[in-house]
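Summary of structural features
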Amino acid sequence: MINVFVLQNGRLSQVNIDSRTDLEQAAPVWVDLTEPNDEERAWVKSIYGVTLPDEDEFSDIEASARYFEAENGDLHLRTDFLFEGDDDSSSTMTVAFILARNILFSVHAEDLPVFRLVRMRARSRPGSIGDYRDVLLDLYETDAEYSADALEGIYQKLEAVSTSVLKKSLSDQDAADVLNTIAHEEDLNGRIRRNMMDTRRAVSFLMRGRLLSSEQFEDARQILRDIESLDGHTAFLFDKINFLMDATVGFININQNKIIKIFSVASVAFLPPTLIASIYGMNFKLMPELDWPIGYPLAILMMIGSAIAPFWYFRRRGWLN
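Scoring rules and cut-offs
- Residues numbered from 1 in each chain as written.
- Predicted model: local features only at pLDDT ≥ 70, side-chain atom pairs only at ≥ 80, totals over all residues.
- Heavy atoms only, no water.
- UniProt positions renumbered as here; feature names shortened; annotations may be inferred.
- Helix = DSSP H or I, 4+ residues; strand = E, 2+ residues; numbered from the N terminus.
- Buried < 20%, exposed > 50% of the residue type's maximum accessible area, 1.4 Å probe, protein only.
- Contact = heavy atoms within 4.5 Å.
- Pairing = 2+ DSSP bridges.
- Axes fitted to C-alpha atoms, helices over the stretch in contact; angles between N-to-C directions.
- Core = buried A, V, L, I, M, F, W, Y, C linked by side-chain atoms within 4.5 Å.
- Phe/Tyr/Trp six-rings, centres within 6.5 Å; stacked < 30°, edge-to-face > 60°.

Per an unreviewed UniProt entry, the chain is named Magnesium transport protein CorA, and its organism is Herbaspirillum frisingense GSF30. Heading Sequence similarities (unreviewed entry) of the UniProt record for the chain holds this comment: "Belongs to the CorA metal ion transporter (MIT) (TC 1.A.35) family." Its UniProt record gives the chain the following Function (unreviewed entry) comment, quoted word for word: "Mediates influx of magnesium ions."

**Thoughts on the overall build of the chain**
Of the regular secondary structure elements, the chain holds nine helices and seven strands. If one aligns the C-alpha atoms of the chain with their principal axes, the spans along those axes are about 115 × 40 × 35 Å. The buried share of the chain, reckoned over its 321 residues, is 40%. Of all intrachain contacts in the chain linking residues separated by at least 6 positions in sequence, the fraction that spans at least 24 positions is 67%.

**Here's the deal with the sheet that holds strand β5 (residues 75–84)**
Taken in spatial order, the seven strands line up as β2-β1-β3-β7-β6-β5-β4 in an open sheet, and their pairing is mixed. Edge strands, defined here as strands with exactly one partner in the open sheet, are β2 (11–15) and β4 (67–69). Neighbour-to-neighbour, the strand axes of this sheet turn through a mean angle of 25 degrees, independent of strand direction. With five bridges connecting them, strand β1 (residues 2–8) and β2 associate as antiparallel partners. Within the sheet, the bridge partner assigned to Leu7 lies in β2 and is Leu12. On top of the sheet, helix α2 (residues 38–48) reaches β1, β3 (30–34) and β7 (103–108); it is set at about 160 degrees to β7, its chief contact.

**Let's talk about the nonpolar core**
Among the nonpolar cores identified, the biggest contains 55 residues, and Trp30, Leu77, Phe97, Leu104, Phe115, Leu139 and Tyr140 are the most heavily contacted of them. The biggest single contributor to this core is helix α5 (residues 132–165), with 14 residues.

**Describing the packing of aromatic side chains**
One pass over the structure, following the stated rule, counts ten aromatic pairs. Ring centres of Phe81 and Phe115 lie 5.5 Å apart, and the angle between their planes is 70 degrees; this geometry places the pair in the edge-to-face category. With Phe81 in strand β5 and Phe115 in helix α4 (residues 113–124), this residue pair connects regions lying 34 residues apart in the sequence. As far as the burial class goes, Phe81 and Phe115 line up, both buried. An aromatic cluster is defined as three or more aromatic residues linked by ring pairs; in this entry it consists of Phe5, Trp30, Phe81, Phe97, Phe115 and Tyr140.

**Some thoughts on unusual backbone geometry**
The phi dihedral of Arg101 falls on the positive side, at around 55 degrees, and the residue is not glycine. Secondary-structure assignment places Arg101 in the loop between β6 (90–100) and β7. A positive phi is found at Asn102, a non-glycine position, where the angle reads about 60 degrees. Residue placement: Asn102 occurs in the loop between β6 and β7. Using a relative accessible area of 57% as the deciding quantity, one classes Asn102 as exposed.

**A short note on the side chain of Ser147**
Relative to the assigned elements, Ser147 resides in helix α5. For Ser147, the residues in contact, after removing those within four places along its chain, are Ile192, Met196 and Leu230.

**Section: the UniProt feature "transmembrane region" (unreviewed entry) in the chain**
In this structure's numbering, the residues bearing the UniProt feature "transmembrane region" (unreviewed entry) are residues 262–282 and 294–314. Annotated as residues 262–282, this span is 81% helix and 0% strand, and its ends, taken at the C-alpha atoms, are 30 Å apart. Helix makes up 95% of residues 294–314 and strand makes up 0%, while its end C-alpha atoms are separated by 30 Å.

Rendered as structure tokens:
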């Protein structure tokens, strides 16, 4: 899919592309390609002289492969963006940017929330976009805002988890649900931190390349300041996650200790009756109690009494609470 956007009075306006002719006649400032096929790649190459990267080139992590200037002067960037699915699962998606012919080319596998938000804002805010570099900076700025919103969502979910963890009692099933929620939020927080680090590298590369105007350079510096503040927030959330994780595991250990305590008390309480039953079960010939008419009921009473006495003592000491 090819989405072509032209600049009209500082607003992004999308142009419908149904054929190669439509693409040739457009004067785009941004060409956004979502999982392009071979034919669409050929159109871009023949019309603009830009070779789009393949998907296997997106996974490189070296700076020389993610941010570089080609021999023909085109700038290439690879940036990770946060992507949350319909089932609340989070993942990262790498987007390839190419800055060439005063046009921003972007290639990615699926449409991203950040891209949709930038398109919507650019249509409703005249004058916010001046050229293709503004589009790229707006994408990075919106990515920081989107990550900030995601961090706020993490904090709200952790607040709900705190309420359930710090209540008087926490069952094992509740603890399992809490651990599952904490693990999901920790994964999302880590992805956000990684994406912000990747965005920082991309913006720093643009600033070092002297490609930006003075106003755009200041916008880039503001993006870096926003990312710096988000880094501190992700660190705070990591600490909160670790605290909740330790608290939950502590409650699980307490519940397990209660079960072990019950078995320990039961085993100690039944030791005296077992001892008495063992003594009178030996059946030696010269045991005087064998001829007692009350021997059997007396042994039974002794075993019951020796079992009740430890329970009474443990309850008096508060060990059964």
